Amino acid sequence: ARAAAHAGRRRWSQAIRDIDEALALMRAAHDSYGQHICLASKIRILTQQGKYGAALAIDVPTLAHSLPSGYAEAVASRALALVSASRLKEAKQSIDHVRALSSAIEATVLTSAVDTALSLKDGDPAASRKAADFLRLALEHNAQDLFVTAYRSTPALLGVLLRSVDSRAEMEKLIVSTRDEDL
């Protein structure tokens, strides 16, 4: 939770230290699910900073006693890094794998984020609608942190939503609360 709070405030170094500490604790406790959640968080923190190589260098192993939702969140986070790095084919393959793994909120919201980013990067005419649907989904599930991660990772998403009359007010409020006015 501390790492997410630091990432939300763009205190990247502290967020990475916190997540590395949590990951070490999860490994020591043999908590496979906790390890997957930590790996997912670390991938997203790095991706938000544009450090795609570092994010994609993180291995997401299949751990015997992890829950499918934890593994799906880690794979979906990696798919977000892939699409952000313009590795679209790999991102699509990864996110298609996630769809079969879990319907947990985090995996569902991240899947929508990746689908939206793919749509934007592919020049899909439906990209604006998908972006608006993604915003609604994230807000409905109180997953603003994942939404912020997505627009920080794929800035084109922010532009599309700011141009939309329907989402502009909500976006401006969110941007101010996350101190992302410079984006």
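To be clear, the structure that these remarks concern was listed above.
Calculation criteria
- Residues numbered from 1 in each chain as written.
- Predicted model: local features only at pLDDT ≥ 70, side-chain atom pairs only at ≥ 80, totals over all residues.
- Heavy atoms only, no water.
- Phe/Tyr/Trp six-rings, centres within 6.5 Å; stacked < 30°, edge-to-face > 60°.
- Helix = DSSP H or I, 4+ residues; strand = E, 2+ residues; numbered from the N terminus.
- Buried < 20%, exposed > 50% of the residue type's maximum accessible area, 1.4 Å probe, protein only.
- Axes fitted to C-alpha atoms, helices over the stretch in contact; angles between N-to-C directions.
- Parallel < 35°, antiparallel > 145°, perpendicular 65-115°, else oblique.
- Contact = heavy atoms within 4.5 Å.
- Nonpolar A, V, L, I, M, F, W, Y, C, P; charged D, E, K, R; others polar.
- Left-handed = near helix turned anticlockwise from the far one by under 90°.

Engineer: Help me understand the packing of aromatic side chains in this model?
Structural biologist: Given two aromatic rings, one states the distance between the centres and the angle between the planes to describe the pair. Per the stated rule, a full pass over the model turns up 2 aromatic pairs. Taking the centre distance of 5.7 Å and the plane angle of 70° together, the rings of phenylalanine 147 and tyrosine 151 count as edge-to-face. With phenylalanine 147 and tyrosine 151 both in helix α9 (residues 144–153) and 4 residues apart, the pair spans about one turn of that helix. Grouping residues by exposure puts phenylalanine 147 and tyrosine 151 together as buried. Ring-pair connections join several aromatic residues into one group, and the members of that group are Phe134, Phe147 and Tyr151.

Engineer: Would you mind going over the packing of α9 against helix α10 (residues 155–163) with me for this structure?
Structural biologist: Between two packed helices, what matters for the description is the angle formed by their axes and the separation of those axes. Packing of α9 against α10 leaves a shortest axis separation of 4 Å and a crossing angle of 105°. With respect to their mutual orientation, α9 and α10 come out roughly perpendicular. Contact residues: Phe147, Ala150, Tyr151, Arg152 and Ser153 in α9; Pro155, Leu157, Leu158 and Leu161 in α10. Across the contact of α9 with α10, the residue classes break down as 7 nonpolar, 1 polar and 1 charged.

Engineer: Help me understand the packing of helix α5 (residues 68–84) against helix α7 (residues 105–122), please; the structure alone is not making it clear to me.
Structural biologist: In the contact formed by α5 and α7, the axes pass within 9 Å of each other and the chain directions differ by 15°. As judged from the angle between their axes, α5 and α7 are roughly parallel. In the packing of α5 onto α7, the handedness of the crossing is left-handed. Where α5 approaches α7, its residues Ala72, Glu73, Ala76, Ser77, Ala79, Leu80, Val83 and Ser84 are matched on the opposing element by Glu106, Ala107, Leu110, Ala113, Val114, Ala117, Leu118 and Lys121. Its residues assigned to classes, the contact of α5 with α7 shows 11 nonpolar, 2 polar and 3 charged.

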